[in-house]
Amino acid sequence: MSRDPLRSDALWRLVRRMAPQLRPHRRRLVLGGLALIGVAASEVARPWPLKVVFDGILMPRPDTDPVTGWMTATFGTGDGLLAATAFAILAIALVGGAAGFAQAYLIASVGQKVVAQIRLDLYRHVQRLSHSFHDTASSGDIIARLTGDVRMMRDLLIDAVVFFAARVLVIGATVGVMAWMDWRLTLSALAILPALWLVTRHFGGRIRGAARRQRRKEGKIAVVMTEGISSIDVVKGFAREAYEESRFAKQNNSSAEAGVVTTRLAANMDRVTQVILALGTALVLWYGVVRVRSGAISPGDLLVFTAYLSTLYKPVRKMAAMTARVAKATASGERLLEIFDLSPEVAERPGAVDAGLLAGRVGFANVTFAYPGSPPVLRNAYLNLNPGEIVAIVGTSGIGKSSATRLIMRFYDPQEGSVRIDGHDIREFTLDTLRGNISVVLQDSVLFGTTVRDSIAYGRLDATEDEIVAAAREAEADGFIRLLPEGYDTVLGERGETLSGGQRQRITIARAVLRDAPILILDEPLTGLDPATARSLLGGLRRAAAGRTTFLIAHDALTLSLASRVVRIEDGQFVEYPRNSRILSA
Ligand SMILES: Nc1ncnc2c1ncn2[C@@H]1O[C@H](COP(=O)(O)OP(=O)(O)OP(=O)(O)O)[C@@H](O)[C@H]1O
Ligand SMILES: [Mg+2]
């Protein structure tokens, strides 16, 4: 479409992007292609028995076509020929049916596999995109793309591409045979093509626009839905069920409206196409009778010709209808490309090396960091930590404490300066091995809906049972875990909400302990817990931090008592704080 030139090549870009995925399935595709040729051949052969009956039995002619000539020579012009043609009709149907089945099965199975691969690629890509993407992306929208849009792509790949190839073959072969019979009459049958092309172009663009709107609306539905369900506590706590419902209903309705628009456009296109095809048929019939009267062709020829016309026009009409589906699938494909086209901002350098096991000497050297479009959080900041040192990071809310720890994990890269571990810029390391040296406990710890054992083992997937239990003991979690209905095999609710806040936190501490990394980040690990619970977790935290370079972010004196050193963030700088001063007065 000329309205948005950027999008007009979307279909082509999609095909190019997906084509390499087809390579492993070459054998099936070739077989499927052969089956396609079988389908086209049976389509072309289908009207011929009729002509043989007409020109050979009913109105015998001496100067007939080679096929009829051969048939009459072999089977005579009586019942033998009739039986032979009847058999031919059956044989053509059988061959065509078998080829059609083989083609549909082979190509659909390839399509399914390719789509599964695309979905995997997309999921992998989304997982690897940087925080700058995930900060603003909505999980509902991503899920909608991973499910609905990928499904639409399957339509594009299986239905559109395959059927397109099949139809082009059938149309090509039919036109060839028609032209061989009478090229003048063929031209009259093709006279309507320019009009069809215009119609397809006109409606195709509009349908794609409407489909794009619909998919976007469906993405919004998924957003509202995931928000409403994942925050069910807040929804119910504020008694906002009706409000959420109306938010959902609004998106739901507008998606339905957009859906009606695409359907209406598609139906309209079909209507106009049918009229044009009827015009074509009328034209062929009129001109064909003129040709028969002048003796240029036989009545049997005209009969076969009109049969071919329906062989020709049926796929043409289907192809026009297919434009609607292709348009919809293209709209979905664009949504997939939008994500595929993003590249992680925090990327590994080409020559990145394995970090190995680091000692844990962490440094900020002249670090300046700002979130996109915001003033800097850190400005030419310096900080040096010795291995095993426990440093409390304090400062007012929103000053940049959590952000500083995110730089160590390389969730973001600083705009200036570098974060260094053991004297190396952390960008020299591969992301996995860098993060393998870091363990975290956050305030709102996330657990997954798996067993307690697996939740702890998330820190180190190859941990043994003994190591898991030892880590749970260190975190003082073993006691309550054994009292759970199934002990370590108890399945937690999604996000771990079947546990109390303190219990959840003990499991995350155990997870961090099990990881056994030289660097530990504790971001407000005890905030939100009552003083008694917090105090009971202190021992676990102290053991977790022992011997590790620990960043401890906290506001309360209790947690801060774990630290051997206090650093305050002020005006984008790390400011050393004398021990024993009243840090909490800030
Ligand atoms: N993903 C983000 N994108 C843009 N700005 C952000 C993002 N995360 C945090 N900020 C902003 O950066 C600043 C520092 O945030 P940060 O979370 O580091 O503060 P904090 O010191 O940890 O605060 P708190 O004690 O409340 O946890 C804040 O002004 C915040 O609004
Ligand atoms: Mg914070």
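Quick caveat: nothing in here was measured; it's all calculated off a predicted structure. (Residues numbered from 1 in each chain as written. Chains lettered and ligands numbered in written order. Predicted model: local features only at pLDDT ≥ 70, side-chain atom pairs only at ≥ 80, totals over all residues. Heavy atoms only, no water.)

A. Region of the structure containing the overall build of the chain. A tally of helices and strands in the chain yields 21 helices and 10 strands. A compact globule built from 586 residues should have a C-alpha radius of gyration of about 25 Å, whereas the chain, at 35 Å, is more than 25% larger. Projected onto its principal axes, the C-alpha positions of the chain cover 115 × 55 × 50 Å. Of all 586 residues assigned to the chain, the portion counted as buried reaches 46%. Taking as baseline every contact in the chain between residues at least 6 positions apart, the subset at least 24 positions apart corresponds to 78%. Carbon and sulfur atoms make up 60% of the accessible area of the chain, which amounts to about 29,400 Å² in all. (Helix = DSSP H or I, 4+ residues; strand = E, 2+ residues; numbered from the N terminus. Rg over C-alpha atoms; globule rule 2.2 N^0.38 Å. Buried < 20%, exposed > 50% of the residue type's maximum accessible area, 1.4 Å probe, protein only. Contact = heavy atoms within 4.5 Å. Areas by Shrake-Rupley, 256 points an atom, 1.4 Å probe, with all protein chains shown as cover.)

B. Structural view of the sheet that holds strand β1 (residues 362–369). The strand order across the open sheet built from four strands is β2-β1-β4-β5, with neighbouring strands paired in antiparallel fashion. Each edge of the open sheet carries a strand with a single partner, namely β2 (378–385) and β5 (424–425). Direction of pairing for β1 relative to β2: antiparallel, over a ladder of five bridges. Considered in β2, the bridge of Gly-363 is made with Asn-384. Running over the sheet, helix α14 (residues 401–408) touches β1, β2 and β4 (416–421) and is turned about 115 degrees from β1. (Pairing = 2+ DSSP bridges. Axes fitted to C-alpha atoms, helices over the stretch in contact; angles between N-to-C directions.)

C. Spotlight on the nonpolar core. Among the nonpolar cores identified, the biggest contains 43 residues, and Val-452, Ile-456, Ile-481, Tyr-488 and Ile-509 are the most heavily contacted of them. Residues within four places of Val-452 in sequence aside, it is in contact with Ile-481, Leu-484, Gly-487, Tyr-488, Thr-490, Leu-492 and Ile-507. Formed by 32 residues, the second largest nonpolar core is a distinct cluster that contains Val-367, Val-377, Val-391 and Phe-551. (Core = buried A, V, L, I, M, F, W, Y, C linked by side-chain atoms within 4.5 Å.)

D. A look at the domain arrangement of the chain. Along its sequence, the chain is carved into domain 1 (9–340) and domain 2 (362–585). With centres defined by C-alpha atoms, the gap from domain 1 to domain 2 works out at 56 Å. (Domains from an automatic or database assignment.)

E. The site of ligand 1, seen in detail. Within the structure, ligand 1 sits among 15 residues, and Ser-397, Gly-398, Lys-401, Ser-402 and Ser-403 are positioned closest to it. The side chain of Asp-135 places a nitrogen or oxygen atom 2.9 Å from a nitrogen atom of ligand 1. When ligand 1 is considered free in solution it has 630 Å² of accessible area, and contact with the protein chains removes 64% of it. Partitioned by chemical class, the residues of the shell around ligand 1 number four nonpolar, seven polar and four charged. (Near = heavy atom within 4 Å. Polar contact = N/O pair within 3.5 Å; in protein donor to acceptor, adjacent residues only side chain to side chain. Nonpolar A, V, L, I, M, F, W, Y, C, P; charged D, E, K, R; others polar.)

F. View of the sheet that holds strand β3 (residues 390–394). Read across the sheet, six strands follow the order β6-β7-β8-β3-β9-β10 without closing on themselves; strand pairing throughout is mixed. Of all the strands in the sheet, the pair left with one neighbour each is β6 (438–441) and β10 (573–577). Averaged over neighbouring strand pairs, the angle between their axes works out to 25 degrees when direction is ignored. Inspection of the sheet shows β3 paired to strand β9 (residues 565–570) by four bridges, in the parallel sense. Paired with Val-394 across the strands is Arg-568, a residue of β9.

G. View of the side chain of Ser-403. Summarising the element assignment, Ser-403 is placed in helix α14. Accessibility expressed as a relative area gives 9% for Ser-403, which makes it buried.

H. Geometry of the UniProt feature "transmembrane region" (unreviewed entry) in the chain. Here the UniProt feature "transmembrane region" (unreviewed entry) sits at residues 81–108, 156–179, 185–204 and 272–290. Regarding residues 185–204, the helix share stands at 90% and the strand share at 0%, and the terminal C-alpha atoms are separated by 30 Å. In residues 272–290, the share of helix is 100% and the share of strand is 0%. The end C-alpha atoms are 28 Å apart. (UniProt positions renumbered as here; feature names shortened; annotations may be inferred.)

I. Highlighting the packing of helix α17 (residues 465–474) against helix α19 (residues 501–515). The geometry of α17 relative to α19 is characterised by a closest axis approach of 8 Å and an angle of 125 degrees between their N-to-C directions. Between α17 and α19, the angle is such that the two are oblique. Pair α17 / α19 crosses with right-handed handedness. Contact residues: α17 offers Glu-467, Ile-468, Ala-471, Ala-472 and Glu-474, while α19 offers Ala-510, Val-513 and Leu-514. Grouping the constituent residues of the contact of α17 with α19 by class yields six nonpolar, no polar and two charged. (Parallel < 35°, antiparallel > 145°, perpendicular 65-115°, else oblique. Left-handed = near helix turned anticlockwise from the far one by under 90°.)

J. Up close: the pattern of salt bridges. Enumeration over the complete set of coordinates arrives at 28 salt bridges. Linking Glu-389 and Arg-565 is a salt bridge whose minimum nitrogen-to-oxygen distance equals 3.0 Å. Of the two residues, Glu-389 sits in the loop between β2 and β3 while Arg-565 sits in strand β9, which places them 176 residues apart along the sequence. Relative accessible area serves as the criterion here: at 16%, Glu-389 is assigned to the buried category. For Arg-565, a relative accessible area of 15% corresponds to the buried category. Residues Asp-478 and Arg-482 are paired through a salt bridge, measuring 3.1 Å at the closest nitrogen-oxygen approach. (Salt bridge = Lys/Arg side-chain N within 4 Å of Asp/Glu carboxyl O.)

K. How the structure looks around the environment of Ala-19. If you trace the backbone, Ala-19 turns up in the loop between α2 (10–18) and α3 (26–45). Taking the relative accessible area as the measure of exposure, Ala-19 reaches 37% and is therefore partly exposed. Distance in space between the C-alpha atoms of Ala-19 and Glu-257 is 34 Å, their sequence separation being 238 residues.

L. Highlighting the side chain of Lys-51. As for its placement among the helices and strands, Lys-51 is situated in helix α4 (residues 48–58). Taking relative accessible area as the criterion, Lys-51 reaches 2% and is therefore assigned buried. For Lys-51, the contacting residues outside a window of four places in its chain are Gly-56, Thr-64, Asp-65, Thr-68, Ser-298, Gly-300, Asp-301 and Val-304.

M. Region of interest: the packing of aromatic side chains. What the rule picks out here adds up to seven aromatic pairs. With a centroid separation of 5.0 Å and an interplanar angle of 70 degrees, the aromatic rings of Phe-369 and Tyr-371 are classed as edge-to-face. Of the two residues, Phe-369 and Tyr-371, both sit in the buried class. Both rings, one in Tyr-371 and one in Tyr-412, keep their centres 5.2 Å apart while their planes meet at 90 degrees; by these two values the pair is edge-to-face. Of this pair, Tyr-371 sits in the loop between β1 and β2 while Tyr-412 sits in the loop between α14 and β4; the two residues are 41 residues apart in sequence, bridging distant segments of the chain. Tyr-412 shares its class with Tyr-371; the two are buried. Three or more aromatic residues joined by ring pairs form one cluster here, namely Phe-369, Tyr-371 and Tyr-412. (Phe/Tyr/Trp six-rings, centres within 6.5 Å; stacked < 30°, edge-to-face > 60°.)

N. Looking closely at a positive patch on the surface. On the surface, Arg-213, Arg-216, Lys-220 and Lys-250 cluster together into a patch of positive charge. In terms of residue count, helix α10 (residues 193–230) provides more of the positive patch than any other element does, three residues in total. (Patch = residues over 30% accessible without salt bridge, like charges linked within 9 Å, V, L, I, M, F, W, Y side chains within 5 Å. Lys, Arg positive; Asp, Glu negative; His and termini not counted. Charge placed at Lys NZ, Arg CZ, Asp CG, Glu CD.)

O. Region of the structure containing a nonpolar patch on the surface. Together, Val-30, Leu-31, Leu-34, Ile-37 and Leu-169 make up an exposed nonpolar region whose accessible area comes to about 440 Å². Top element by residues in the nonpolar patch is α3. It accounts for four residues. The topology assignment puts Leu-31 in helix α3. Since its relative accessible area comes to 40%, Leu-31 is described here as partly exposed.

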